[in-house]
Amino acid sequence: MGYIGVFDSGYGGLTILDGIRQRMPEYDYIYLGDNARAPYGTRSFDVVYEFTLQAVKKLFEMGCPLVILGCNTASAKALRSIQQKDLPTIAPDHRVLGVIRPTAEVVGQLSHTKHIGILATEGTIKSQSYNLEIEKLYPDCTVVGQACPMWVPLVENNEFDKPGADYFVRDSLQKLLTQDPLIDTIILGCTHFPLLLDKINQQLSQLSTLNWLRRAKGSQPPTINVIPQGQYIATSLEDYLHRHPEMASRLTRGGTCQYLTTESSTKFRESASLFLHEEVNVQHITLN
């Protein structure tokens, strides 16, 4: 068997997996969540690299020649080191891809003002990974980021659609737009954040209308586009496999999906339903 592996520190990568499977349901997948050691967002570069490499090696051992880091923090802090330092020695014929580059490739085409905002964990924002990738591809774009430390706990504690989430969503959005009122495109740079999309759009509508009234410019309040990553990662992966038929030929097509977690399988099963809206069978594993 040749599986596509998808790794995340927690549950958010399930939104990436879901997007990929909707576009390419014929392939076989393994999802690995390092839930016992989540979140990665506040951990150091060295620790994130160590944990991510352990997960990548485990997925290689289980028959995944291709691994997607469905985690923005791992993509920001570990991907480059794994690609450049580890793959040539441990598995030169395997590939590890991230979620930041594919998102950066499309965002410059979606923004009219060329002012782009990033909402992510503290670790991803501090890494400046999105800023560097977007500005490399689109030098005329201005990129600002805002860390949202409370958003992941809101999602993982099933509070993302409760009234209590409104304050934290509005607070982070307000801080982002205060940095740059010309933002017209916002990347959700954490795979948990799509579950907050309804509240994000609701609060953005109120904030953009308020800002428009204060400035009294234009004929109508500006529209701010919010970009979840799932569909763009799926499109990018499909394109990658078209451009690399030698990798595509190593992947089996049985339409299956296995789920692995370093936490309690019962807890994973309960939480996964928030992201996938279906029951899943999951196996507990250890990483070292």
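Cut-offs applied
Residues numbered from 1 in each chain as written. Predicted model: local features only at pLDDT ≥ 70, side-chain atom pairs only at ≥ 80, totals over all residues. Heavy atoms only, no water. Axes fitted to C-alpha atoms, helices over the stretch in contact; angles between N-to-C directions. Helix = DSSP H or I, 4+ residues; strand = E, 2+ residues; numbered from the N terminus. Parallel < 35°, antiparallel > 145°, perpendicular 65-115°, else oblique. Left-handed = near helix turned anticlockwise from the far one by under 90°. Contact = heavy atoms within 4.5 Å. Nonpolar A, V, L, I, M, F, W, Y, C, P; charged D, E, K, R; others polar. Pairing = 2+ DSSP bridges. Buried < 20%, exposed > 50% of the residue type's maximum accessible area, 1.4 Å probe, protein only.

**Q** Explain the packing of helix α1 (residues 13–23) against helix α13 (residues 265–276) here, please?
**A** The geometry of a pair of packed helices is captured by two quantities: the angle between their axes and the separation between those axes. Between α1 and α13, the shortest axis-to-axis distance is 9 Å and the interhelical angle comes to 55°. When the axes of α1 and α13 are compared, the pair comes out oblique. Pair α1 / α13 crosses with right-handed handedness. On α13, the residues touching L14, T15 and D18 of α1 are F268, A272, F275 and L276. Its residues placed into classes, the contact of α1 with α13 shows 5 nonpolar, 1 polar and 1 charged.

**Q** I would appreciate a short explanation of the sheet that holds strand β8 (residues 225–227) in the present structure.
**A** Within a beta sheet, neighbouring strands are joined by backbone hydrogen bonds and run either parallel or antiparallel to one another. If you trace the 4 strands from one edge of the open sheet to the other, you get β6-β5-β7-β8, paired in parallel fashion. Looking at strand neighbours, the two that pair on one side only are β6 (142–147) and β8, the edges of this open sheet. On average, each strand axis in the sheet is tilted by 20° relative to the strand beside it, whichever way the strands run.

**Q** Looking at this structure, I do not really get unusual backbone geometry. What am I missing?
**A** Note: most peptide bonds trans; most residues except glycine with negative phi. Looking along the chain, the bond that leaves A38 and enters P39 is cis, with omega of 0°. Within the secondary structure layout, P39 lies in the loop between β2 (29–33) and α2 (45–61). In this structure, Q128 takes a positive phi of about 60° despite not being glycine. Turning to its location among the elements, Q128 is positioned in the loop between α6 (122–127) and α7 (129–137). Note on Q128: relative accessible area 39%, which makes it partly exposed. Even without being glycine, N158 reaches a positive phi, approximately 60°. Structurally, N158 is set in the loop between α8 (151–156) and α9 (165–179). Classification of N158 by relative accessible area gives partly exposed; the value is 33%.

**Q** How do you make sense of the sheet that holds strand β9 (residues 257–261) when you look at a structure like this?
**A** Read across the open sheet, the 6 strands follow the order β4-β3-β1-β2-β9-β10; overall the sheet is parallel. Lying at the two open borders of the sheet, with one neighbouring strand each, are β4 (95–97) and β10 (282–284). Taking each pair of neighbouring strands and ignoring which way they run, the sheet shows an average axis angle of 20°. Of the pairings in the sheet, the one linking strand β3 (residues 66–69) to β4 comprises 3 bridges and is parallel in character. By the bridge assignment for β4, I68 is matched with L97. Here helix α4 (residues 79–90) sits on the sheet in contact with β3 and β4, set at roughly 170° to β4.

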